[in-house]
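Inside the fold
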Amino acid sequence: MKVILHDLTEEEIDPIIQSPKEDVVILTEKENPPHNCIGCFGCWIKNPGECVIKDGYEHMGAYIGNCAEFIIISQSQYGEFSPYVKTLIDRSISVCHPYFTKREGMMHHKLRYDNQFKLTIYCYTKDITDGEKATLINRCKAMAINLGTAVSGIHFLCGKQELGGIRI
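Residues numbered from 1 in each chain as written. Predicted model: local features only at pLDDT ≥ 70, side-chain atom pairs only at ≥ 80, totals over all residues. Heavy atoms only, no water.

Some details on the layout of surface pockets
- By volume, the largest pocket is sized at about 280 Å³.
- Residue lining of the largest pocket: Ile89, Asp90, Ser92, Ile93, Val95, Cys96, His108, His109, Arg139, Met143, Asn146 and Leu147, and that is the complete set.
- Top element by residues in the lining of the largest pocket is helix α4 (residues 130-147). It accounts for 4 residues.
- For the lining of the largest pocket, a count of residues per class yields 6 nonpolar, 4 polar and 2 charged. (1 Å grid on protein atoms, 1.4 Å probe; cavity = no way out; pocket = protein on both sides within 12 Å on 5 of 7 lines; lining within 4 Å. Points joined across faces, edges and corners; volume = space filled by probe spheres on them. Helix = DSSP H or I, 4+ residues; strand = E, 2+ residues; numbered from the N terminus. Nonpolar A, V, L, I, M, F, W, Y, C, P; charged D, E, K, R; others polar.)

Written as structure tokens, this is what we have:
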């Protein structure tokens, strides 16, 4: 299963997705925006593996932890993902346990799911500085380590018009 987290409109994402719909979970902004993580650790303690905020995004950890490929398509803003994408990545903390383990010589949370998936990132923006690009690359690499995987590709696009060349 592929999980696609994006900040595009339905008209913009539809031509990009070529995979059979039953093989894809598409996370897109619904009528109500997602709530921010409140740092309550309920996804670790009260309801392991599931966020206690019931807004339709409570299964982020399970989606990511069980996928074969996690694809992020986001506008790059100051070397970070768009607010919607960032909020859902923050809400995916349930992909791991509260306990620590050493991974790549550093302390990280123990992973809840025994699954190695492919992580691909597409960032679009009209202008990006070298510093913003470096910030985003480092952010993606750190996120991959936290998720127990590696970045298979970070692609910078000059704007939404270049999204037309992507096929997922």
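Section: the sheet that holds strand β1 (residues 2-6)
- Taken together, 5 strands build an open sheet; the order of strands is β2-β1-β3-β6-β7 and the sheet is parallel. Two strands bound the open sheet, and with one partner strand each, they are β2 (24-27) and β7 (150-157). Within this sheet the neighbouring strands show an average axis-to-axis angle of 15°, counted without direction.
- In terms of strand pairing, β1 meets β2 through 4 bridges, oriented parallel. (Pairing = 2+ DSSP bridges. Axes fitted to C-alpha atoms, helices over the stretch in contact; angles between N-to-C directions.)

What to know about the pairing of strand β4 (residues 96-103)
- By the bridge criterion, 5 bridges tie β4 to strand β5 (residues 106-111) in an arrangement that is antiparallel. Residue pairing for β5: Phe100 is matched across the bridge by His109.

Focus on the side chain of Asp7
- Mapped onto the elements, Asp7 comes out in the loop between β1 and α1 (10-13).
- Lys160 provides the closest opposite charge to the buried, salt-bridge-free Asp7, at an N-O distance of 6.2 Å.
- A polar contact of 2.8 Å, which involves the side chain of Asp7, links it to the side chain of Tyr124.
- Apart from the residues within four sequence positions on either side, Asp7 is in contact with Ile73, Ser74, Gln75, Ser82, Tyr84, Val85 and Tyr124. (Buried < 20%, exposed > 50% of the residue type's maximum accessible area, 1.4 Å probe, protein only. Lys, Arg positive; Asp, Glu negative; His and termini not counted. Salt bridge = Lys/Arg side-chain N within 4 Å of Asp/Glu carboxyl O. Polar contact = N/O pair within 3.5 Å; in protein donor to acceptor, adjacent residues only side chain to side chain. Contact = heavy atoms within 4.5 Å.)

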